[in-house]
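Here is what each chain is made of, one letter per residue.
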Amino acid sequence: MEVQKTALYNYHKNLGAKFVPFAGYEMPIQYKDGIVKEHISTRTHAGFFDVSHMGQFFLEGDETLIAALEKIIPADLNNLKINHSKYSFLLNNEGGIIDDLIITRTEKGFCIILNAACKENDIKQISQFLTKNHKQLLNNNLSLIALQGPKSVKILEKLIPGVTNLKFMTGNNFDYEGEKLYVTRSGYTGEDGFEISISNKKVEKFIDYLISNDVKPIGLGARDTLRLEAGLCLYGHDLNEKINPVEANLKWAIAKKRKEVGGFNGWEKIKNLLANGSEKIRVGIKPDGKVIARENTKIFSSDNNEIGFVTSGTFGPSVNAPVAMGYVKSEFSEIGTSIQLEVRGKKYGGKISELPFYKKSYVK
Amino acid sequence: MSEKKFSKKHEWVSLDGEVATVGITKHATEMLGDIVFVEVPDAGKAVEKEGQAAVVESTKAASDVYSPISGEITEGNKAIADDPGSVNTDPEGASWFFKLKIKDKSEYDSLMSKDDYDKFCKENPS
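Residue numbers restart at each chain and count upward from 1, following the sequence in its written direction. The order in which chains are written sets their letters, starting at A; the order in which ligands are written sets their numbers, starting at 1. The predicted origin of the model limits local features to residues at a pLDDT of at least 70 and limits the giving and counting of side-chain atom pairs to 80 or more, whereas totals for whole chains, interfaces and linings rest on all residues. With hydrogens and water set aside, each side-chain value is computed from the structure's full complement of heavy atoms.

### Focus: empty space enclosed by the protein
Residue and element names in this part refer to chain A. Put simply, the rule reads: The way it works is a 1 Å grid over only the protein atoms, where trapped points that fit a 1.4 Å probe form a cavity and open points with protein on both sides within 12 Å along at least five of seven lines form a pocket, and then any residue with an atom within 4 Å of a point lines it. Grid points are joined across faces, edges and corners, and a volume is the space filled by probe spheres set on the points. For the purposes of this entry, the term helix denotes a DSSP run of H or I that reaches at least four residues, the term strand denotes a run of E that reaches at least two, and both are numbered from the N terminus. Only Asp, Glu, Lys and Arg are considered charged in this grouping, and only Ala, Val, Leu, Ile, Met, Phe, Trp, Tyr, Cys and Pro are considered nonpolar; every other residue, Gly among them, is considered polar.
All chains considered together, the criterion is met by one cavity of 30 Å³ or more. Counted as a void, the largest cavity has a volume near 60 Å³. Along its surface, the largest cavity is lined by Met27, Pro28, Tyr31, Phe49, Asp50, Val51, Ile218, Gly219, Leu220 and Arg223. Within the residue set of the lining of the largest cavity, elements represented by two or more residues are β2 (25-30), β3 (47-50) and α7 (220-229). Here the lining of the largest cavity is composed, by residue class, of seven nonpolar, one polar and two charged.

Listed below in structure tokens is the structure:
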């Protein structure tokens, strides 16, 4: 498959981006400042992220669309108000997570933001439940920009008046340069911020404005350290098709009504897990010293029994210490439990930690 | 102290009598990015030429540091283990990784000069 590029590829190049292949795209891993500075400037000022590789999947249709989507998505779509968003997933027949996503109710239907690596398969999976009464479009003419950090709201309000009024996980249409753009107050860093869906033709001009307001470009490297500090999952690492929402400690993301009534893929299995708990569960992990427990690090109990594995681990620049997430046998999941992490053949101490590692500052 | 010599794995060595000081090059730190973890060897450990001797981790990944020369470790630089970020600031000075008593000076002689190393980096980017 040919490597794909976002509309901002040359723009990133001019900003000094270092590129890596990611989900079939050439994406910036970092810019000149490097991961730690990019991370800190997002937490203290504001940063922008080109997340145009993610799928912006639009669905329209008659009243049967909700029932169709609810077969594979365990959100309460009937009660989702227009311009409101929910974090949810696509589930397979065993309750495993095919992808995690953000679904927003639009005037005519829904918009679903899908992970780049999964989007083709996601659409195939969703399409199984669609009929001729439903229209679908993966819109590749749109870029998606995340603007994150405490100064985001002030900077964006100057350009697009009214965004201040948006609450976390809601959105609206706004006018910009004679075009409509869709802005939601959301993101994946733990900071206040916005995600802006904008036509490929206008995106460079929009980024010019951000840069003139001292908003730094942020690559995938800092996106990873930011989301991990915020305790947020990365699909393909912390989540996959063999992991269900109960194991992933994401049962809060299954709507209350859906937990009672069910009717989605894997419901029998998930119902049972909701009642009885799962054998393993996702937890936060803090190594005692400076050692970094990366993905696939084995986790042992204090009496040397293997109890799990790390799925994401790095150095958290704002926590100023290494942080990790992983799966352990549920009896070891209590906050503060002492564990051991096997790194390069040597065991290092650590503790099960509360998530997030860094307190979120969403505007609710 | 003798002039610095360089390896293809981006370590530098300087020699003072029988004791060599080893660190990673500025070019290596630029490739690695922000260094957030360092593990240095304890005194007494024997290392082989091109054998793994220390560990350096950036926000992105973990990498081994090899000894370009064989011998017995006399000291690991604990200061960089306590402050890994200092390796980004002064990689070819205060932030050396370890010292070792060498066995064979010809191993040192066969390493690259500064000019040859700079040329090597230009010809082998990334």
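Anyway, onward from the coordinates.
### Some remarks on the domain arrangement of chain A
Residues and elements named next belong to chain A. To keep it simple, the criterion reads: Domain limits in this description derive from either an automatic procedure or a database domain assignment. Every residue pair with non-hydrogen atoms within 4.5 Å of one another is taken to be in contact. Note on terms: buried area is the combined drop in 1.4 Å-probe accessible area of two parts once they are placed together, counting the loss on both. Salt bridge criterion: a side-chain nitrogen from Lys or Arg within 4 Å of a carboxyl oxygen from Asp or Glu. Counting of polar contacts relies on pairs of N or O atoms within 3.5 Å, with two restrictions inside protein: one atom must be capable of donating a hydrogen and the other of accepting it, and residues adjacent in sequence are counted only when both atoms are side-chain atoms.
Domain annotation for chain A reports domain 1 (9-53 + 140-229) and domain 2 (279-364). Inter-centroid distance (C-alpha atoms) of domain 1 to domain 2 is 29 Å. Between domain 1 and domain 2, the contact holds 14 residues from the first and 20 residues from the second. Interface area for domain 1 against domain 2, summed over the two sides, is near 1,500 Å², with a carbon-plus-sulfur share of 63%. Contact with domain 2 buries surface across domain 1, with Phe168, Leu228 and Glu229 losing the most and accounting together for 45% of the total. Between the two partners, domain 1 and domain 2, sit zero salt bridges. On inspection of domain 1 and its partner domain 2, the count reaches eight residue pairs in polar contact (both at pLDDT 80 or more).

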